[in-house]
Every structure is written in C-alpha cells, then in structure tokens.
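The residues making up each chain are set out below.
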Amino acid sequence: MKWEENVRRVTPYTPGEQPQKEGIIKLNTNENPYAPAPGVARALAGLDAESFRLYPAFPEKTDLAKALSAQYHIGTDQIFIGVGSDDVLSLAFMTFFQSGRPVFFPDVTYSFYDVWADVHRIPYETKALDENFQICPGDYMQPNGGVVFPNPNAPTGVLMPLDRVEEIVRNNREAVVIVDEAYIDFGGTSALPLIEKYDNLLVVQTFSKSRCMAGMRIGYAMGQPRLIRYLNDVKYSVNSYTLNTAALALGAEAVRDEAYFQECCSRIIKTRERAEEELAKRGFVFPKSCANFIFASHKSVPARKIFEALKENDIYVRWWDKERINNYLRITIGTDEQMEALYRALDGICG
Ligand SMILES: *Cc1c(COP(=O)(O)O)cnc(C)c1O
C-alpha cells in the first residue's frame, strides 16, 4: 500500500501476559497481591455516577495532588500526575529529550525506554550493567541528551545507593535525569530530597506497585516547578483530560492511609526475604532485590524450561528471550500462600 510508506512504524512494548483464567497464580507483572487501602473501597461505593457527566478536574487542583503534596512535603506545583507512570515517562521523554544527542539508559532495564525513544524519534545509547548487574555511574558522564534509569532497576531489582544517583544527577546539569522509582517503596531510599538541590532531576513514582492500584492507572513525577510546568505544557497539548474522575478520587484515599501503605510494603519485604531463602535452597542464584520481585537464575535448569513448566501449573512468572538475561526469571512477590505454591511447583520442576 502506498500510504504505508508514511506510517510511523514502531515495534511495540510487550507487556506481561494478563491471562483471563480463574485460579491462576500471577507473579508476572509485579502487581501487588494485596487490595488497595480500605478507604479506596469506601470512596468507590460513595462515587456518584452523576459526577461522570462532567469532565474531570485538572489533576493538579485535586485532593490527589493535595494528598501527595502533604505526603511528600512538596508543593502541588512540584507534582505532575499522569495515567500511570508509563504516561508520565512517555511525556517526559517527549518533553525533555529533544537535544538530538543520545539519551543514556542501562542495557538491562525497563524495556519500555527504547520503545519510547523510538516512537518519539529520540536517539539513545545503552550502557552495560557490570557483571553484578550494577549501573556504573561513570558511563553516564559523557555528553548526552538525557539520562533515565529505574531505581531499583527492573528487571534486576538491584538498588543504586543514593550517593551514586546524586553523582549522575550532579554530573549532568545540562540534561534532565529521570529516576524511575516504580519500586522504591520496597526498601530503597528515594532521590526525592535531591529535587531541592537539582533543577534537572525528575523523580517518577506510581500507584501500580506499592499502592496496590495498577488497574486505576495513576503515576506522578516530582521536580522543581519549572520542570513540572514544561511537562504540563506538553500534556495539555496532547490530551487535557487524562485522569478520570474516579481515579482522582480513589488515588487520594490510597495516599491518605499511610499506615496501610507501610503495612503492605513491609509484608512484601518479609515475604521477599523468605523467598530469597527458599529459592536459594532450591538452587537459584539472584542479586539482592530491593523491589517486589526477584530476578533469579537456576544453577542447572534453564529458565525457559522452568517458565514453561510453571505455566503448565498455572503459575505465571516473566521470562525474556533476550541476550544476557535469557537464563533468568523475574518472579513477583505474591502472598505467602502464593509463594508456597510456587515453591511446591519448583520442587517438582527443579528437584
Ligand atoms: C511498572 C513499571 C512502570 C510503570 O508502571 P505504571 O503502571 O504505568 O505506573 C514504570 N517503570 C518501571 C520500571 C516499572 O516496572
């Protein structure tokens, strides 16, 4: 077809499977196994369908922005809210990575980064993690068009200490550095306090993992007001009303219940520590995880074989047919009961 010459062609991101089958154990997309804070269900019951007649409020004027502002002790003008952090990150790529110089990110990382770079026509270079899956800050100090990395990194779960994050931000004052903190609440130290010091730092977080609300699609970025204004200018040039009325109301409830949030995160951390012991006992090796998943390789059984055998047992984990990581499984931390079922299945497969 002639018109196909003028199509924007992209190789899309491949999300983890979302099997619509009852009774499966889903440890493949890093969702939280626990329900959202109880206030979320109460607020949902109290929602009036009449309120959907109107367009939603602008996120920065809502209770959600106020709740985040109170939680993180920053102004509402330092917060940008989007439809999941995928929306926030894609907009941030579009907004900040326009120099024409390559954007830097790790070779083993969130596999959406190269997709956004491609779709937004942004050149990029990947920087190899070292043999322990650590990011080497020195690699990020050559001239670049921006830097982005998750901390903890995905899919490895490896946390970079804050002083090294700062080293990268401090040595890139002419470009925007995006720290994707999707998993920071599971044991890391956030780079958020550094936004006061560095006008080129954008910290991105999400409700999908630690706040148990992947289906509501809420993510946010924090930075100095100037960065947030630029993000808003692009967002309001693409789609003004992104977050829906329900998400804005329910998200605020999730943030307000700090005790529930802390409890959920510590349960995941406890189950993860137990999982490290159980997996090690069964012949797996893995880097120390600070996320809600473990990136594990078996000493003798190939990852692909375990992945497929688990699936036959209705247990879904993630495996990538990609150089460097094709002998690893990324296993999301579920409830204790789900993890017990995983260990039993592994005994049958690897034992
Ligand atoms: C899950 C994840 C996100 C995006 O999650 P949203 O559901 O879009 O908020 C972003 N970055 C990393 C590294 C993730 O793992």
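Anything mentioned here points back to the structure above.
Residues numbered from 1 in each chain as written. Predicted model: local features only at pLDDT ≥ 70, side-chain atom pairs only at ≥ 80, totals over all residues. Heavy atoms only, no water.

(A) Quick look at the sheet that holds strand 10 (residues 293-298). Read across the open sheet, the three strands follow the order 9-10-12; overall the sheet is antiparallel. Edge positions in the sheet fall to strand 9 (284-285) and strand 12 (329-332), since each of these pairs with one other strand and no more. Across four bridges, strand 10 lies against strand 12 in antiparallel orientation. Bridge pairing links Ile294 to Ile331 in strand 12. (Pairing = 2+ DSSP bridges. Helix = DSSP H or I, 4+ residues; strand = E, 2+ residues; numbered from the N terminus.)

(B) Looking closely at the nonpolar core. The biggest cluster of nonpolar side chains holds 49 residues, and the ones touching the most others in it are Leu64, Leu68, Ile81, Phe149, Leu201 and Phe207. Considering every element that reaches this core, the biggest residue donor is helix 7 (residues 245-256), with six residues. Setting aside anything within four residues of it in sequence, one finds Leu64 in contact with Ile81, Phe207, Ile218, Leu248, Gly251, Ala252 and Val255. Within the second largest apolar cluster, 39 residues are counted, among which are Leu27, Ala154, Cys265 and Ala303. (Core = buried A, V, L, I, M, F, W, Y, C linked by side-chain atoms within 4.5 Å. Buried < 20%, exposed > 50% of the residue type's maximum accessible area, 1.4 Å probe, protein only. Contact = heavy atoms within 4.5 Å.)

(C) The arrangement of the pattern of salt bridges in detail. Scanning the model with the defined rule gives 20 salt bridges in all. Two residues, Glu50 and Arg53, come together in a salt bridge whose shortest N-O distance is 2.9 Å. Of the residues examined, Glu50 reaches a relative accessible area of 46% and is grouped as partly exposed. Arg53 gets classed as exposed once you look at its relative accessible area, which sits at 60%. In this structure, Arg217 engages Asp86 in a salt bridge whose closest nitrogen and oxygen atoms are separated by 4.0 Å. Of this pair, Arg217 sits in the loop between strand 7 (201-206) and strand 8 (219-222) while Asp86 is found in helix 3 (residues 84-96), placing the two residues 131 residues apart along the sequence. (Salt bridge = Lys/Arg side-chain N within 4 Å of Asp/Glu carboxyl O.)

(D) Structural detail: the site of the ligand. Around the ligand sit 13 residues, and of these Ser85, Tyr183, Thr206, Ser208 and Lys209 come closest. Measuring from an oxygen atom of the ligand, one finds a side-chain N or O atom of Tyr183 at 2.5 Å. Its free accessible area being 380 Å², the ligand has 93% of it covered by the protein chains. For the shell around the ligand, a count of residues per class yields five nonpolar, four polar and four charged. (Near = heavy atom within 4 Å. Polar contact = N/O pair within 3.5 Å; in protein donor to acceptor, adjacent residues only side chain to side chain. Areas by Shrake-Rupley, 256 points an atom, 1.4 Å probe, with all protein chains shown as cover. Nonpolar A, V, L, I, M, F, W, Y, C, P; charged D, E, K, R; others polar.)

(E) How the structure looks around the side chain of Asn30. Relative to the assigned elements, Asn30 resides in the loop between strand 1 (25-26) and helix 1 (38-45). Side-chain polar atoms of Asn30 contact the side chain of Thr332, separated by 2.7 Å. In this structure Asn30 touches Tyr183, Lys209, Asn292, Phe293, Arg330 and Thr332, once residues within four positions along its chain are discounted.

(F) Inspection of the packing of aromatic side chains at higher detail. Evaluated as defined, the whole model comprises 23 aromatic pairs. Residues Phe207 and Tyr220 carry aromatic rings whose centres are separated by 5.8 Å and whose planes lie at 80° to one another, so their mutual orientation is edge-to-face. Here Tyr220 lies in strand 8 and Phe207 lies in the loop between strand 7 and strand 8, a separation of 13 residues in the sequence. Residues Phe207 and Tyr220 agree in their burial class; the two are buried. When the ring centre of Phe104 is taken as origin, the NZ or CZ atom of Lys127, which lies over that ring, is 4.2 Å away. One residue, Arg211, lies across the ring of Phe261, its end atom 4.0 Å from the ring centre. (Phe/Tyr/Trp six-rings, centres within 6.5 Å; stacked < 30°, edge-to-face > 60°. Lys NZ or Arg CZ within 6 Å of the ring centre and 35° of its normal.)

(G) Layout of unusual backbone geometry. Geometrically, the link from Asn151 to Pro152 is a cis peptide bond, its omega value of -10° lying close to zero. As for its placement among the helices and strands, Pro152 is situated in the loop between strand 5 (147-150) and helix 5 (162-170). Positioned with a positive phi, Asn30 is a non-glycine residue whose angle comes to about 60°. In this model, Arg324 sits at a positive phi of 80°, which is unusual for a non-glycine residue. Since its relative accessible area comes to 36%, Arg324 is described here as partly exposed.

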